[in-house]
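So the chains spell out like this:
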Amino acid sequence: MKKTTFPLVIGIIILTSCNNVGRHENSKNKLNSPILPYHIDLEKNLKNTRSVPLSSIGKKLEYIPLETNPTSLIGRIDGLGFTTSRLIFSEFYIFISDGHKLLQFERSGKFVRQIGSEGRGPEQYTELIDFCIDEKKEIIYILDARNIMEFDFNSQFKRSLKLPYLSVQFMLNDTNHFMFYMGSFPVQTFDPVYSWIVTDLQGNPTINFLNYHKRVNKPGLRIGWTPLYSFNETALFMEYCADSLFYLKNLRPEPYATFNLGDLRMDPDPVLNSIGREDINRLNQKLWTRFINENNKCLFLTLGWGFSDSSRYCVFNKQTSEITFLKHNSFINDLDGGPSFWPKYIYNDSIMIDFIYADKLLSIINKNQSGKSNDNKSDQPGRLEMLSKQLTETSNPVLIVVR
């Protein structure tokens, strides 16, 4: 098959709208909208920081704890969708990876099974780097170093597909193609010819994106995951420290959004071990786009501060072009005083998903209960109080559904 090369210039809260930042429109934004690409001036709007209530994007909450038993325990994760951990929804199931195993739950939170297992057997994955699903065909694809392991929704092994390259991140695009990301590494660690490779389901390349973002400084920063997600059944992707987000139109890259960070933009080729504390502090004042999620109304941006673990969360309204940085990096739960929210995964372009650990949720519930006066306490226990009786500090994360 002919190759064409182009230059490359995840407790859970579910929400179904994003009308908190600007006016609400009924029409669905299409990728071929005449206003593309969006121009997002982050530097100019950095001071536009305010608290945004949860009630502005949803009115009804439902808490669903993920079942906890010896076979369904989810390992400690830094953030679903933020590392090798990932959460994916389908109409009837929830799939969660903690980087070592892949677990399947019903949408009610009831545990179903583990998908495959870690090991060195012929039907095992040695390392669960990433995974994605084909909901219509009920197929699960697991990225295992230089292999794709394929299972069905009943955990039956289907096949193993060998890859001629090492990928750190992938997704299914339009159900007929895989899109692989090679990562962004210093030249002495790994110097791939291509940054992105699009293949058919047999692993045959159809498009290769040349690696024009070579990192020459050493020792340098290793970047694994970068913005890569699906909207309107189309892959969107962005390089580390780049200022443009692209989408695939007829399997060709087209600009979708441009970002201006001005003087706040992170050095795209930083040096690590040889820099002093002053240089580290200076770089920790620089921003870069770590992750992006999107629904029909908004882009949700997670911006990293230099080499630190700190982030800034902001929302871009696609219809008003308003940019809002969220105070406390979350939507404030004014509906029942429960946990705040930030989308870590979006299903079906509309359902936004976050999670909360059981120990953190219990702490919030206990704090709320202790803060109530005796006059305000009801004989009927509230939803959160009833939930607290089902949990221990070691229980699995809890889903919170907001509609």
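The coordinates are above.
In this convention, every chain numbers its residues from 1, walking through the sequence in written order. Restriction of local features to residues with pLDDT of at least 70 applies here, the model being predicted, together with a cutoff of 80 or more for giving and counting side-chain atom pairs; totals for whole chains, interfaces and linings are based on all residues. The side-chain values count all of the structure's non-hydrogen atoms but skip hydrogen atoms and water molecules.

(A) Representation of the pairing of strand β7 (residues 93-97) in the model. Counting buried residues along β7, 4 of its 5 residues qualify, which places the element largely inside the surrounding structure. Note on pairing: DSSP must find at least two bridges between two strands before they are called paired. The secondary structure listing takes helices from DSSP runs of H or I that are at least 4 residues long and strands from runs of E that are at least 2 residues long, numbered from the N terminus. Sheet topology places strand β6 (residues 86-89) next to β7; 4 bridges connect them, and they run antiparallel. By the bridge assignment for β7, Ile 88 is matched with Phe 95. Remark: 3 residues form the turn of the hairpin made by β6 and β7, two consecutive strands paired antiparallel. Sheet analysis places β7 next to strand β8 (residues 102-106), joined by 5 bridges and oriented antiparallel. Following the sheet pairing, Ile 94 is matched in β8 by Phe 105. Linking β7 to β8, which pair antiparallel, is a turn of 4 residues; within it Gly 99 sits at a positive phi near 95 degrees. Relative accessible area decides the class of each residue, using a 1.4 Å probe on protein chains only: under 20% of the type maximum gives buried, over 50% gives exposed, and in between gives partly exposed.

(B) Quick peek at the sheet that holds strand β18 (residues 228-231). Ordered in space as β3-β21-β20-β19-β18, the 5 strands form an open sheet in which the pairing is mixed. Where the open sheet ends on each side, the last strands, each with one partner, are β3 (38-41) and β18. Across this sheet, the average inter-strand angle for adjacent strands is 25 degrees, counted without regard to direction. Note that β3 and strand β21 (residues 252-260) share 4 bridges and pair parallel. Residue His 39 lies in a different strand from β21, and its bridge partner there is Thr 258. Convention adopted: a line fitted to C-alpha atoms gives each axis, helices being fitted over their contacting stretch, and angles between N-to-C directions are expressed from 0 to 180 degrees.

(C) A look at the nonpolar core. Here, nonpolar core refers to any group of buried Ala, Val, Leu, Ile, Met, Phe, Trp, Tyr and Cys residues whose side-chain atoms link them within 4.5 Å. Counting residues in each nonpolar core, the largest one holds 32 residues, and the members touching the most others are Phe 89, Ile 94, Leu 102, Phe 105, Phe 131, Ile 140 and Ile 142. The contacts of Phe 131, once residues within four sequence positions are left out, are Arg 86, Ile 88, Phe 95, Ile 96, Ser 97, Leu 102, Ile 140, Tyr 141, Ile 142 and Phe 170. The contact rule is simple, with two residues in contact once any of their heavy atoms fall within 4.5 Å.

(D) Summary view of the environment of Phe 151. Mapped onto the fold, Phe 151 is located in strand β12 (residues 147-152). When the C-alpha atoms of Phe 151 and Glu 123 are compared, they prove to be 9.5 Å apart, with 28 residues separating the residues in sequence. Excluding its chain neighbours within four sequence positions, the residues that come into contact with Phe 151 are Ile 115, Gly 116, Glu 123, Glu 138, Ile 139, Ile 140, Ile 142, Gln 156, Phe 157 and Lys 158.

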